[in-house]
Amino acid sequence: MAKLLPMHKNDFPMWQGPSAPDAVYLDSAATSQKPQAVIDALIHYYTKQNANVHRGVYTLAEQATEAYEGARKTVAEFINAPRPENIIFTRGTTESLNWVAQSFGGTHLQAGDEIIITIMEHHSNLVPWQQLALRTGATLRYVDIDDNGVLDLDQFKAMLSAKTKIVAVTQVSNVLGTINPIHQIGQLTHAVGAILVVDGAQSTPHMPVDVQALDADFFAFSGHKMLGPTGIGVLYGKMSLLAEMEPIEFGGEMISKVEKYHTTWADIPWRFEGGTPNIAGAIGLAAAIKYLQGIGMAEIRAHEEALTQYALTQLKQVEGLTIYGPADAQQRGGVIAFTLQGVHPHDLATVLDTQQVAVRAGHHCAQPLMSRLGVVATARASFYLYNGEKDVDRLVAALNETKEFFQV
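Please read all numbers here as calculations on a predicted model, not as lab measurements.

Undergrad: What's the story with the packing of aromatic side chains in this structure? I'm lost.
TA: Where two aromatic rings form a pair, the distance of their centres and the angle of their planes describe that pair. Under the defined criterion, the tally for this structure stands at 12 aromatic pairs. On the basis of an interplanar angle of 70 degrees and a centroid distance of 5.6 Å, the ring pair of tyrosine 384 and tyrosine 386 is categorised as edge-to-face. Each member of the aromatic cluster is reached from another via a ring pair, and the members are Phe12, Trp15, Tyr291, Tyr384 and Tyr386. Lying over the aromatic face of tryptophan 15, lysine 9 brings its terminal NZ or CZ to 4.8 Å of the ring centre.

Below you can see the structure in the form of structure tokens.
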């Protein structure tokens with residue numbers, strides 16, 4: 001049987017040319033490699049369109065503004081937002097979630113209210129709510145997982161009450177790979193009058209996302225995990241909720257009129273984008289989205305699902321290896337966390353690197369989840385469209401060589 005091949009790997013300069021490394025890159029959950037189309041878009045902006053946006057009336061500034069606002073439209077269409085104004089450009093998922101916690105949460109929560117998150121959350125979708133609870137006197141509650149890494153929906157249903165004001169949940173766990181039923185969670189959340197905040201950092205790059213079908217009130221993701229540049233992210237919000245938020249950063253670009261003792265804000269979303277924005281980042285993100293759309297998000301999801309199932313099957317044959325998360329690839333994204341008996345994950349990743357296999361090791365910014373799993377750290381392999389079965393085979397072979405190295 002033919003092996004599952006990478007998708008469009010030739011489009012990525014990382015693996016092209018005589019000096020290209022013979023490296024297996026399995027850390028796309030941390031950041032993805034970039035196709036030439038994205039690099040070209042950045043070069044084009046900086047060499048042919050470089051100007052500040054919105055205020056300039058000369059041709060170059062108008063071209064830059066058109067490209068920047070065109071990127072907003074591209075993002076909106078990609079996640080099926082009702083209109084471009086639903087899209088706020090941020091530095092990444094972390095900033096997006098902090099915006100919601102500080103601006104919306106800061107004015108809508110009080111002592112006695114409850115925030116529900118899950119034990120599988122990345123720190124970016126945990127610490128902001130933890131700090132919000134400390135500031136307001138609200139209570140932070142955690143939904144547990146079962147032994148397969150699946151969210152305990154019965155426990156979640158039992159937690160919900162009139163006290164619940166915010167439910168914040170990842171669509172795909174960056175450790176377990178678990179895909180959470182966001183639409184169902186949203187229905188339950190809205191039934192008690194609470195709002196749903198979704199961390200889409202690990203889902204948006206890998207599968208079709210429709211924020212209207214999910215009925216997410218807020219949805220956050222990062223460009224650098226989906227073939228785009230670093231330093232650019234997105235916060236989607238329903239217009240009625242964005243209208244209830246106050247800016248938390250002040251300065252140029254985000255104002256309508258400034259008087260000596262009073263200021264009025266610009267319209268949504270520009271009131272939330274103070275200062276010169278990451279123009280190149282937005283343009284690069286739009287190029288990444290167009291590249292992904294050219295392949296098809298459903299096709300990318302199908303490729304990763306098949307590759308993840310193959311990886312799960314092969315990794316189970318490595319004696320002493322413990323895999324965390326659902327056993328069925330249909331229930332998980334292309335992320336596999338594991339430990340090897342007798343070898344610390346950092347040592348494991350270091351030895352794998354000597355064999356040119358790049359995986360991540362540590363707590364993956366999910367320390368409460370590590371505690372729940374009874375470990376201090378794991379190694380993690382994460383896949384994207386440019387990975388294939390040969391990469392998995394290299395990982396398995398490297399793991400077996402590592403076992404011999406440590407004599408375990």
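Undergrad: Sorry, what's going on with the packing of helix 11 (residues 345-354) against helix 13 (residues 389-406) here?
TA: Helix-helix packing is characterised by the crossing angle of the two axes and by the distance between the axes. Relative orientation of the contacting elements helix 11 and helix 13 amounts to 115 degrees, with a least axis distance of 9 Å. In terms of orientation, helix 11 lies roughly perpendicular with respect to helix 13. Here helix 11 runs over helix 13; the crossing is right-handed. For the pair helix 11 and helix 13, contact is made by Asp347, Leu348, Val351 and Leu352 and by Leu395, Ala398, Leu399, Thr402, Phe405 and Phe406, respectively. Considered class by class, the residues forming the contact of helix 11 with helix 13 number eight nonpolar, one polar and one charged.

Undergrad: Can you help me understand the sheet that holds strand 12 (residues 335-340) in this one?
TA: For sheets, the rule is that strands pair by backbone hydrogen bonds, running either parallel or antiparallel. Here we have four strands laid out as an open sheet, ordered 11-12-15-14, and antiparallel in their pairing. Strand pairing shows two members of the sheet lacking a second neighbour, strand 11 (321-324) and strand 14 (360-362), which therefore form its edges. In this sheet, adjacent strand axes meet at a mean angle of 30 degrees when their direction is disregarded. When strand 11 meets strand 12, the two strands line up antiparallel, connected through four bridges. Paired with leucine 321 across the bridge in strand 12 is leucine 340. This element, helix 11, spans strand 12, strand 14 and strand 15 (378-382) of the sheet and lies at about 160 degrees to strand 14.

Undergrad: Just to check I follow, could you spell out the pattern of salt bridges for this structure?
TA: As enumerated under the stated definition, the model contains 16 salt bridges in all. Note that aspartate 144 is salt-bridged to arginine 372, the shortest N-O span being 2.7 Å. Of this pair, aspartate 144 sits in the loop between strand 4 (139-143) and helix 5 (153-159) while arginine 372 sits in helix 12 (residues 367-373), and the two are 228 residues apart along the sequence. Given a relative accessible area of 32%, arginine 372 falls into the partly exposed group. Here lysine 238 ties to aspartate 217 by a salt bridge, and the two come within 3.0 Å at their closest N and O atoms. Residue lysine 238 is found in the loop between strand 8 (233-237) and helix 8 (239-242), and its partner aspartate 217 is found in the loop between helix 7 (211-214) and strand 7 (218-222); the two are separated by 21 residues along the sequence. The exposure class of lysine 238 is partly exposed, given its relative accessible area of 22%. Residue aspartate 217 is classed as buried on the basis of its relative accessible area of 5%. Because the salt bridges share partners, they merge into one network encompassing Asp27, Arg360 and Arg380.

Criteria and thresholds
Residues numbered from 1 in each chain as written. Predicted model: local features only at pLDDT ≥ 70, side-chain atom pairs only at ≥ 80, totals over all residues. Heavy atoms only, no water. Phe/Tyr/Trp six-rings, centres within 6.5 Å; stacked < 30°, edge-to-face > 60°. Lys NZ or Arg CZ within 6 Å of the ring centre and 35° of its normal. Axes fitted to C-alpha atoms, helices over the stretch in contact; angles between N-to-C directions. Helix = DSSP H or I, 4+ residues; strand = E, 2+ residues; numbered from the N terminus. Parallel < 35°, antiparallel > 145°, perpendicular 65-115°, else oblique. Left-handed = near helix turned anticlockwise from the far one by under 90°. Contact = heavy atoms within 4.5 Å. Nonpolar A, V, L, I, M, F, W, Y, C, P; charged D, E, K, R; others polar. Pairing = 2+ DSSP bridges. Salt bridge = Lys/Arg side-chain N within 4 Å of Asp/Glu carboxyl O. Buried < 20%, exposed > 50% of the residue type's maximum accessible area, 1.4 Å probe, protein only.

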